[in-house]
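Architecture and fold: a report
Residue-level listing of the chains:
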Amino acid sequence: LQLMSIVWLKALHIFFMLAWMAGLFYLPRLFVYHAGTDDKNVHAQFCIMERRLWWFVTPFAVLTAVFGFGLIMTYGYAWFAASIWLHIKLTLLIGLYAYHFYLFKLLRDFADNKNSHSTKFYRILNEAPVLVILTIVILAVVKPI
């Protein structure tokens, strides 16, 4: 990764982050509709869609981290130590990765017929990461700290 230029690392980091975020926004939306059905055939179809989506976007989450780590390594330790904005961003990212794996737990609950949440819960869950992602983007682009 050190041989790769910073602009390529940034481009790939941003691309995989966008692909990952698309999945993080869509999966809880599927949960909204899944929680609202009692039809066994529809339930089975949602289980397939949710599982495939989670496994489709999980590599994007991994690649987002790989290219982000590549950027940190390329910029170096002194830059990392001085970049307070990045420490906050990384803390928020830990929360997003926890959210990502929490969605997997919910996916498994649906697959095991153990969902205990309402459509309203999933609507809120679907909207929750928006402010976190906005904050991360502002930290990365504006670097206010």
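Quick note: structure is the one above.
Small disclaimer: the values here were computed from a predicted structure and weren't measured. (Residues numbered from 1 in each chain as written. Predicted model: local features only at pLDDT ≥ 70, side-chain atom pairs only at ≥ 80, totals over all residues. Heavy atoms only, no water.)

Quick look at the overall build of the chain
- Broken down by element type, the chain carries six helices and zero strands.
- Counting helices and strands in the order they occur from the N terminus, the chain gives α-α-α-α-α-α.
- In terms of its C-alpha atoms, the chain occupies a principal-axis envelope of roughly 55 × 30 × 20 Å.
- Burial status across the chain gives 35% buried among its 145 residues.
- In the chain, 75% of the contacts between residues at least 6 apart in sequence involve partners at least 24 apart.
- When the accessible surface of the chain is totalled, it reaches about 8,600 Å², and 71% of it is carbon and sulfur. (Helix = DSSP H or I, 4+ residues; strand = E, 2+ residues; numbered from the N terminus. Buried < 20%, exposed > 50% of the residue type's maximum accessible area, 1.4 Å probe, protein only. Contact = heavy atoms within 4.5 Å. Areas by Shrake-Rupley, 256 points an atom, 1.4 Å probe, with all protein chains shown as cover.)

Concerning a nonpolar patch on the surface
- Together, Leu131, Leu134, Val137, Ile138, Val141 and Val142 line one region of the surface with nonpolar side chains, adding up to about 560 Å² of accessible area.
- Examined against the element boundaries, Leu134 turns out to sit in helix H6 (residues 129-142).
- Classification of Leu134 by relative accessible area gives partly exposed; the value is 46%. (Patch = residues over 30% accessible without salt bridge, like charges linked within 9 Å, V, L, I, M, F, W, Y side chains within 5 Å. Salt bridge = Lys/Arg side-chain N within 4 Å of Asp/Glu carboxyl O.)

Re the packing of helix H1 (residues 6-35) against helix H2 (residues 40-75)
- The contact between H1 and H2 brings their axes to 7 Å, and the two run at 155°. For the element pair H1 / H2, the angle class is roughly antiparallel. The crossing of H1 and H2 is left-handed.
- Partitioning the contact of H1 with H2 into residue classes produces 24 nonpolar, eight polar and two charged. (Axes fitted to C-alpha atoms, helices over the stretch in contact; angles between N-to-C directions. Parallel < 35°, antiparallel > 145°, perpendicular 65-115°, else oblique. Left-handed = near helix turned anticlockwise from the far one by under 90°. Nonpolar A, V, L, I, M, F, W, Y, C, P; charged D, E, K, R; others polar.)

Thoughts on the nonpolar core
- Formed by 29 residues in total, the largest nonpolar core has its most connected members in Trp20, Leu24, Leu27, Phe31, Leu96, Leu103 and Tyr122.
- With ten residues, H1 is the largest single contributor of residues to this core.
- Setting aside chain neighbours within four positions, we find Leu24 in contact with Leu96, Tyr99, His100 and Leu103. (Core = buried A, V, L, I, M, F, W, Y, C linked by side-chain atoms within 4.5 Å.)

Remarks on the environment of Leu30
- You can see Leu30 is positioned in helix H1.
- Look at Leu30 and you get buried, because its relative accessible area is 3%.
- When the C-alpha atoms of Leu30 and Leu96 are compared, they prove to be 18 Å apart, with 66 residues separating the residues in sequence.
- Residues in contact with Leu30, not counting those within four places in the same chain, are Phe46, Met49, Glu50 and Leu53.

Considering the packing of helix H4 (residues 84-111) against H6
- Interhelical geometry of H4 versus H6 gives an angle of 150° and a closest axis separation of 9 Å. Considering their axes alone, H4 and H6 lie roughly antiparallel with respect to each other. Crossing geometry of H4 relative to H6 is assigned as left-handed. Of H6, the residues touching H4 (which contributes Trp85, Ile88, Lys89, Leu92, Leu93, Leu96 and Tyr99) are Pro129, Val132, Ile133, Thr135, Ile136, Leu139 and Ala140.

What about the pattern of salt bridges?
- Taken as a whole, this structure holds two salt bridges when the rule is applied.
- Residues Lys105 and Asp109 are paired through a salt bridge, measuring 2.4 Å at the closest nitrogen-oxygen approach. Pair noted here: Lys105 and Asp109 are both in helix H4, with a separation of four residues, about one helical turn.
- Judged by relative accessible area, Lys105 falls into the partly exposed class, the value being 42%.
- Notably, a salt bridge pairs Asp112 with Arg108, separated by 3.3 Å at the nearest N-O pair.
- The class of Asp112 is partly exposed, set by a relative accessible area of 37%.
- The class of Arg108 is partly exposed, set by a relative accessible area of 35%.

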